[in-house]
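Chain and residue survey
Each chain, letter by letter, is given below.
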Amino acid sequence: MFLGSHTAIRLIMTRERIGADAEHNPSGRAASVDSRQIDEVVTAVLAAPKYRTIDPSLVRMLAVRELAARRSFKEAIKATKNKLHQIAGAYVEQRIDVASWIRRLQAHDLSCPVTASDDELIQAALAHPHAARLGASFVRASLDLMARHASTRERLPIVQRFYAEIFADLPPIRSILDVGCGLNPLAIPWMPLNGDAVYHASDIDRTIVEFITQYLALVGISGSVEMRDQATHPGGPPVDLALVLKVLPVLDQIERGAAGRLLDALDASFILVSYPVHTLGGRRKGMEETYERQLEALVAGRAWEVQRFGFPGELAFLITKGSRSSWKSSGSSC
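Heads up: these notes are all about the structure in this document. (Residues numbered from 1 in each chain as written. Predicted model: local features only at pLDDT ≥ 70, side-chain atom pairs only at ≥ 80, totals over all residues. Heavy atoms only, no water.)

Okay, the overall build of the protein next. Within the protein one finds 14 helices and 9 strands. For the protein, the share of sequence-separated contacts (at least 6 apart) that also reach a separation of at least 24 residues comes to 70%. (Helix = DSSP H or I, 4+ residues; strand = E, 2+ residues; numbered from the N terminus. Contact = heavy atoms within 4.5 Å.)

What follows is the structure, given as structure tokens:
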């Protein structure tokens, strides 16, 4: 059953989870550190400008683990920061200034030079009713901002093809959940969504949550955005399509088994999972084969249908929940 109801855009901030829930260790090991030590590590990590906007519940969970594994308090702080860098910090090369970025999207400035490929993307986006209302300057600014996050920058050369090919195999999509969204909602003008589509998103960074909330309001799309640690609290509202783009490898860095728990928890008719096929530094290292085996293992034993899509720089799988499991290939593997 497809969902088409509208909800008011709301900013849902996950409260700091303390006590037994905050100190829960997903691996099942009993925590060997006291609350005072945990609080001190969390406070020290969140004091760093780079991590002060990260979900405190995630920082606390990592602090519990690192305190149990490290020889000293300083080592635990350093290890927690290193893990957060791998999870989030490495992808955002420039801090988000929410007010400045929204003004950039609203500005009627067409002076920024564009390449031929950019011009093609702009014209394609202007066919989207929400983008057409805001004009070419809005689309140019969207492209510029998407290039400031590593994940969306890698997808920019294929963004139109990526969504066109995947949505071609789907019924009308009236609701989306973008898990670990980063700046991906800025790609909405290239998504062939139903006209009254509702867009939900989650991320571990409060600044991203604030920015995407204001972005959806600017574009005029109903939905919700929440700060949520998907490793320990997986899921979200029921939707037609869940986007899980380059998220599963990050979840498994946080906690082994978190990727499978997320897929099980998502209440979605379809789930689009993707993986990078090279590192942030550009090395391939057999990642495509590794991630394809991982996805096969994740869906093994589940009554899901899986369709494979190969794109330059990204490997994607469209999962249909509740169907007899099969393995199909669409497009060429790159």
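Alright, that's what it looks like, and here's the rest.
Assignment of secondary structure puts valine 64 in helix α3 (residues 56–69). Considered as a pair, valine 64 and aspartate 34 are 30 residues apart in the sequence and their alpha carbons are 9.0 Å apart.

So, about unusual backbone geometry. Non-glycine residue lysine 246 carries a positive phi angle of around 60 degrees. Tracing the sequence through the fold places lysine 246 in the loop between β5 (239–245) and α12 (248–254). By relative accessible area, which is 11% here, lysine 246 ends up buried. (Buried < 20%, exposed > 50% of the residue type's maximum accessible area, 1.4 Å probe, protein only.)

For the rest of this paragraph, the subject is the pairing of strand β8 (residues 314–320). On any regular strand, side chains alternate: one points to one face of the sheet, the next to the other face. Of all 7 residues in β8, 7 are buried, a share of seventy percent or more. A two-sided burial pattern is seen for β8, the buried positions comprising Glu314, Ala316, Leu318 and Thr320 on one face and Leu315, Phe317 and Ile319 on the other. The pairing of strand β6 (residues 268–276) with β8 spans 7 bridges and is antiparallel. Along β8, the bridge assignment pairs valine 273 with phenylalanine 317. (Pairing = 2+ DSSP bridges.)

In this section: the pattern of salt bridges. If charged atoms from side chains of opposite charge come close, those side chains can pair. For the structure on display, the rule yields 12 salt bridges. Between glutamate 314 and arginine 155 there is a salt bridge, with the nearest N and O atoms lying 2.9 Å from each other. Here arginine 155 lies in helix α9 (residues 150–155) and glutamate 314 lies in strand β8, a separation of 159 residues in the sequence. As far as burial versus exposure is concerned, glutamate 314 and arginine 155 are alike and both buried. Measuring nitrogen to oxygen at the nearest pair gives 3.1 Å for the salt bridge that ties arginine 308 to glutamate 292. Taken together, the positions of arginine 308 in strand β7 (residues 305–311) and glutamate 292 in helix α14 (residues 287–299) put the pair 16 residues apart, joining distant regions of the chain. (Salt bridge = Lys/Arg side-chain N within 4 Å of Asp/Glu carboxyl O.)

A few words now on the packing of aromatic side chains. Considering all chains together, one arrives at 8 aromatic pairs under this definition. When the ring of phenylalanine 162 is compared with that of phenylalanine 311, the centres are 5.0 Å apart and the planes differ by 50 degrees; the resulting orientation is tilted. Separated by 149 residues along the polypeptide, phenylalanine 162 in helix α10 (residues 159–167) and phenylalanine 311 in strand β7 bring together distant segments of the chain. Of the residues examined, phenylalanine 162 reaches a relative accessible area of 0% and is grouped as buried. A cation over a ring is seen here: arginine 155 above phenylalanine 162, with NZ or CZ 5.3 Å from the ring centre. (Phe/Tyr/Trp six-rings, centres within 6.5 Å; stacked < 30°, edge-to-face > 60°. Lys NZ or Arg CZ within 6 Å of the ring centre and 35° of its normal.)

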